[in-house]
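What follows is each chain in one-letter form.
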Amino acid sequence: MELPESSSGLEGIQSRLDEQLAEAQRNMQRAEAFAAQAQDLTAFARSEGGEVSVEVDGGGVPLDVKVTAKAFSLAPEALSQLILGVVRQAHREAVQKYEDLARSVFGDSATTEQLVAQARQRLKAYVRDEGESRFGDREIGRPEAGTREADASDGQTESPAS
């Protein structure tokens, strides 16, 4: 690459470099603002009958689960499924809020599309389908067979090792 001989050519290069540096700094500020807002993001969902409500953080982790007296009229399995369904609903809402935030900060850009794809991938990993949680087919709250907890729940106790 041949450098221009005139000082005006060097000034032009310096001007373009200054513009690129300023743009990079603006992008960094937007990314920092996005990260701060995404960290504070929460979402809320409630069952249709009002039996259960759930608040999750931006990653879909439950922050609060409330169960009303109406929920105790449900069979245990139905209540479990209702809670999981409301958690899934809150998680989907969190992903939507994250996507909306990304679009508001970065517009329609490759950065936005990458962030949205990552958020959707997290949702897909967390909620495989309506019938299965990320924990697989294992029943929530029921210890796996052969574990100390399962043995204890069957009324069996382990004797201490001598």
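Parameters at a glance
Residues numbered from 1 in each chain as written. Predicted model: local features only at pLDDT ≥ 70, side-chain atom pairs only at ≥ 80, totals over all residues. Heavy atoms only, no water. Pairing = 2+ DSSP bridges. Helix = DSSP H or I, 4+ residues; strand = E, 2+ residues; numbered from the N terminus. Axes fitted to C-alpha atoms, helices over the stretch in contact; angles between N-to-C directions. Buried < 20%, exposed > 50% of the residue type's maximum accessible area, 1.4 Å probe, protein only. Contact = heavy atoms within 4.5 Å. Patch = residues over 30% accessible without salt bridge, like charges linked within 9 Å, V, L, I, M, F, W, Y side chains within 5 Å. Areas by Shrake-Rupley, 256 points an atom, 1.4 Å probe, with all protein chains shown as cover. Salt bridge = Lys/Arg side-chain N within 4 Å of Asp/Glu carboxyl O. Phe/Tyr/Trp six-rings, centres within 6.5 Å; stacked < 30°, edge-to-face > 60°. pLDDT = per-residue confidence, 0-100. Core = buried A, V, L, I, M, F, W, Y, C linked by side-chain atoms within 4.5 Å.

S.K.: I'd love a proper account of the sheet that holds strand 1 (residues 42-46), names of residues and values included.
M.R.: With antiparallel pairing, 3 strands are arranged side by side in an open sheet as 1-2-3. Pairing within the sheet leaves two strands with one partner each, and these edge strands are strand 1 and strand 3 (62-67). For this sheet, the mean inter-axis angle between neighbouring strands, taken without regard to orientation, is 10 degrees. With 5 bridges connecting them, strand 1 and strand 2 (residues 52-57) associate as antiparallel partners. Residue Phe-44 lies in a different strand from strand 2, and its bridge partner there is Glu-55.

S.K.: Give a description of the pairing of strand 1 that names residues and reports values.
M.R.: Of the two faces of strand 1, only one is covered, namely that formed by Ala-43 and Ala-45; the face formed by Thr-42, Phe-44 and Arg-46 stays uncovered. In this structure, the hairpin formed by strand 1 and strand 2 is closed by a connection of 5 residues, where Gly-50 is found at a positive phi of approximately 80 degrees.

S.K.: Summarise the side chain of Ser-53; cite the residues concerned and give the values.
M.R.: Secondary-structure assignment places Ser-53 in strand 2. If near-sequence neighbours (up to four positions away) are discounted, Ser-53 is found in contact with Phe-44, Ala-45, Arg-46, Asp-64, Val-65, Lys-66 and Val-86.

S.K.: Outline a nonpolar patch on the surface, supporting the account with residue identities and numerical values.
M.R.: On the surface, a nonpolar cluster with roughly 280 Å² of combined accessible area is contributed by Val-65, Val-67 and Phe-72. Turning to its location among the elements, Val-65 is positioned in strand 3.

S.K.: I'd like to hear about the packing of aromatic side chains, residue by residue, with values.
M.R.: By the definition in use, this model includes 2 aromatic pairs. Centre to centre, the rings of Phe-34 and Tyr-98 are 5.4 Å apart; their planes meet at 65 degrees, and the pair counts as edge-to-face. With a gap of 64 residues between them, Phe-34 in helix 1 (residues 7-39) and Tyr-98 in helix 2 (residues 76-106) connect regions that are remote in the sequence. Residue Phe-34 is classed as buried on the basis of its relative accessible area, which comes to 6%. Taken together, Phe-34, Tyr-98 and Phe-106 form an aromatic cluster joined through their ring pairs.

S.K.: Requested: an account of the confidence of the model for the chain, with residues and values cited.
M.R.: Averaged over all residues, the pLDDT of the chain is 79; the fraction at 70 or higher stands at 72%. Of the regions scoring below 50 in pLDDT, residues 129-162 engages in 25 contacts with residues more than four places distant in sequence or in other chains.

S.K.: Just give me the short version of the nonpolar core, but keep the residues and values in it.
M.R.: In this structure, Phe-34, Val-54, Val-56, Tyr-98, Leu-101 and Leu-115 are the most contacted members of the largest nonpolar core, which totals 23 residues. Secondary structure elements with two or more residues in this core: helix 1, strand 1, strand 2, helix 2 and helix 3 (110-126). Per-element tally for this core: the top contributor is helix 2, with 11 residues.

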